[in-house]
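# What the coordinates show
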Amino acid sequence: MAPADLAAVNTVAAQVHLAHPEDAAVFAERLALHPAGCSVLEGDDGVAGYIVSHPWRTAEPPALNTLLGSIPAPASTYYIHDIAVLPSARRGGAAAAILATLVRHAATLADNISIVAIGGTLPFWQRQGFVIARDPKLDAKLKSYDADACYMVRKLDR
Ligand SMILES: CC(C)(COP(=O)(O)OP(=O)(O)OC[C@H]1O[C@@H](n2cnc3c(N)ncnc32)[C@H](O)[C@@H]1OP(=O)(O)O)[C@@H](O)C(=O)NCCC(=O)NCCS
């Protein structure tokens, strides 16, 4: 992902995450803070998907639509902020492929990778090796994402 992709990334986000809109500044800040964690999926008609991720603190998923300020170093987790693929480009293995690459990058920075799973994607994340990490302290924050949102973690071999 390059800064020039951000307008297209926001267009994809607006189509995929109708219930979870985030300001353009959120994606721009993540890209500026950790470009190695941001990628786009090039489709025939331009950007068809993206992933945004960064080193972070375990069990502290940022509230939606908030800026990070800075990236912790060292990090206690590697956090996937968002992954989205346009419906027309789904089920082709794109998400699994970028996650395989991202896991190798994440393992250079933390011993686990984490995500807040929303929108019925729990089976997708389980297939990717993530397990639910229950923490009552997170309940209120998770509800702000989605009634069924859950914090999930996958241990990484380093
Ligand atoms: C979740 C998402 C990124 C998956 O992208 P994708 O490119 O279609 O995923 P892949 O084709 O790489 O699928 C990998 C595997 O997961 C399976 N899978 C994909 N989406 C799934 C889902 N929603 N539920 C269960 N399994 C799913 C695929 O069948 C595939 O299985 P296989 O390895 O046996 O072939 C996409 O559905 C999406 O953008 N959803 C809306 C945005 C969203 O909710 N993002 C997650 C935020 S937490």
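Residues numbered from 1 in each chain as written. Predicted model: local features only at pLDDT ≥ 70, side-chain atom pairs only at ≥ 80, totals over all residues. Heavy atoms only, no water.

### Focus on the packing of aromatic side chains
One pass over the full model with this rule turns up 3 aromatic pairs. With centroids separated by 4.9 Å and ring planes inclined at 80°, the aromatic side chains of phenylalanine 124 and tryptophan 125 adopt a geometry described as edge-to-face. Given the relative accessible area of 29%, phenylalanine 124 is considered partly exposed. Residue tryptophan 125 is classed as buried on the basis of its relative accessible area of 3%. Among the aromatic residues, those joined into a cluster by ring pairs are Phe124, Trp125 and Phe130. One Lys or Arg, arginine 57, reaches over the ring of tryptophan 56 and ends 4.3 Å from the middle of that ring. (Phe/Tyr/Trp six-rings, centres within 6.5 Å; stacked < 30°, edge-to-face > 60°. Buried < 20%, exposed > 50% of the residue type's maximum accessible area, 1.4 Å probe, protein only. Lys NZ or Arg CZ within 6 Å of the ring centre and 35° of its normal.)

### With respect to the side chain of histidine 17
With respect to the helices and strands, histidine 17 occurs in the loop between helix 1 (6-16) and helix 2 (24-33). With a relative accessible area of 13%, histidine 17 lands in the buried category. Within the structure, the side chain of histidine 17 is placed 2.8 Å from the side chain of aspartate 82, a separation counted as a polar contact. (Helix = DSSP H or I, 4+ residues; strand = E, 2+ residues; numbered from the N terminus. Polar contact = N/O pair within 3.5 Å; in protein donor to acceptor, adjacent residues only side chain to side chain.)

### Examining helix 1
For an α-helix, the turn length of 3.6 residues means that residues three or four places apart are oriented alike. Along helix 1, the residues classified as buried are Leu6, Val9, Asn10, Val12 and Ala13. Across the axial projection of helix 1, the buried residues extend over an arc of 160°, all falling on one side. Packing partners of the buried residues in helix 1 comprise helix 2, strand 1 (38-43) and strand 2 (46-56). (Arc of directions from axis to C-beta. Contact = heavy atoms within 4.5 Å.)

### Structural notes on the pattern of salt bridges
Applying the stated rule across the entire model yields 3 salt bridges. Its salt-bridge partner being glutamate 60, residue arginine 57 comes within 3.0 Å of it at the nearest N-O pair. The exposure class assigned to glutamate 60 is partly exposed, which follows from its relative accessible area of 38%. (Salt bridge = Lys/Arg side-chain N within 4 Å of Asp/Glu carboxyl O.)

### Let's talk about the side chain of arginine 30
Structurally, arginine 30 is set in helix 2. Residue arginine 30 is classed as buried on the basis of its relative accessible area, which comes to 1%. Contact partners of arginine 30, with chain neighbours within four places excluded, come to Pro35, Cys38, Val52, His54, Pro62, Thr66, Leu67, Leu68 and His81.

### Things to note about the UniProt feature "domain: N-acetyltransferase" (unreviewed entry) in the protein chain
When the UniProt feature table is mapped onto this chain, "domain: N-acetyltransferase" (unreviewed entry) is found at residues 1-157. Between the end C-alpha atoms of residues 1-157 there is a gap of 26 Å, over a span that is 30% helix and 25% strand. (UniProt positions renumbered as here; feature names shortened; annotations may be inferred.)

### Some details on the site of the ligand
Around the ligand lies a shell of 21 residues, among which Ile83, Val85, Arg91, Gly93 and Arg127 are the nearest. The separation between an oxygen atom of the ligand and a polar main-chain atom of valine 85 is 2.8 Å. Separating an oxygen atom of the ligand from a side-chain N or O atom of arginine 127 is a distance of 2.6 Å. Here the ligand loses 77% of its free accessible area of 910 Å² to cover by the protein chains. Contributions of two or more residues to the shell around the ligand are made by strand 3 (77-85), helix 3 (94-106), strand 4 (112-117) and helix 4 (122-127). Examining the composition of the shell around the ligand, we find that 4 residues originate from one element, helix 4, more than from any other. Class assignment for the residues of the shell around the ligand results in 14 nonpolar, 4 polar and 3 charged. (Near = heavy atom within 4 Å. Areas by Shrake-Rupley, 256 points an atom, 1.4 Å probe, with all protein chains shown as cover. Nonpolar A, V, L, I, M, F, W, Y, C, P; charged D, E, K, R; others polar.)

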